[in-house]
Amino acid sequence: MGLENLISAVSVVAILAVSTGQLPRIINFVHKAQILLIQDSKASKWPKAMLLK
């Protein structure tokens with residue numbers, strides 16, 4: 001149920017973006033968000049493992 005609502009909302013946003021000429025700007029925003037997500041999920045950002053003595 002939630003996925004259907006998400007798909008319809010994204011479709012409306014995409015149609016509005018195309019009609020107003022803002023689609024390239026939105027695509028760049030999504031690409032930047034994907035890069036940030038990849039950078040934040042790298043193992044170097046994870047906390048150090050606790051070692052027992």
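Please read these numbers as outputs of a predicted model, since none were measured by experiment.

**Thoughts on the overall build of the protein chain**
Next, step 1: Each helix and strand in the protein chain was counted, giving two helices and zero strands.
Next, step 2: A compact globule built from 53 residues should have a C-alpha radius of gyration of about 10 Å, whereas the protein chain, at 18 Å, is more than 25% larger.
Next, step 3: In terms of overall dimensions, the protein chain has a C-alpha envelope of 65 × 30 × 5 Å along the principal axes.
Next, step 4: When each of the 53 residues of the protein chain is scored for burial, the buried share is 2%.
Next, step 5: Put simply, the protein chain shows about 5,400 Å² of open surface, and 71% of that area lies on carbon and sulfur atoms.

**Thoughts on a nonpolar patch on the surface**
Next, step 1: Taken together, the side chains of Leu 3, Leu 6, Ile 7 and Val 10 present a nonpolar region at the surface, about 400 Å² in accessible area.
Next, step 2: Within the secondary structure layout, Val 10 lies in helix H1 (residues 2-20).

**Thoughts on the environment of Leu 52**
Next, step 1: Along the chain, Leu 52 falls in the segment after helix H2 (23-40).
Next, step 2: Along the sequence, Leu 52 and Arg 25 sit 27 residues apart, while their C-alpha atoms lie 50 Å from each other.

About the cut-offs
The numbering scheme is per chain: residues are counted from 1 as the chain's sequence reads. With pLDDT at 70 or above as the cut-off, local features in this predicted model cover only qualifying residues; side-chain atom pairs require 80 or more to be listed or tallied, and sums for whole chains, interfaces and linings still use all residues. Each side-chain value is worked out from all heavy atoms of the structure, with water and hydrogens disregarded. A run of H or I in DSSP counts as a helix once it spans at least four residues, and a run of E counts as a strand once it spans at least two, with each numbered from the N terminus. Values of the radius of gyration come from C-alpha atoms, whereas the globule rule sets the reference at 2.2 Å times the count of residues to the power 0.38. Think of it in three bands: with a 1.4 Å probe and only protein chains considered, a residue is buried below 20% of the maximum accessible area for its type, exposed above 50%, and partly exposed in between. All accessible-area figures derive from a Shrake-Rupley calculation using a 1.4 Å probe, and residue coverage is judged against the displayed protein chains alone. Patch rule: a residue counts if its relative accessible area is over 30% and it has no salt bridge; like charges are joined within 9 Å, and nonpolar side chains (Val, Leu, Ile, Met, Phe, Trp, Tyr) within 5 Å. In the sections that follow, a salt bridge refers to a side-chain nitrogen of Lys or Arg positioned within 4 Å of a carboxyl oxygen of Asp or Glu.

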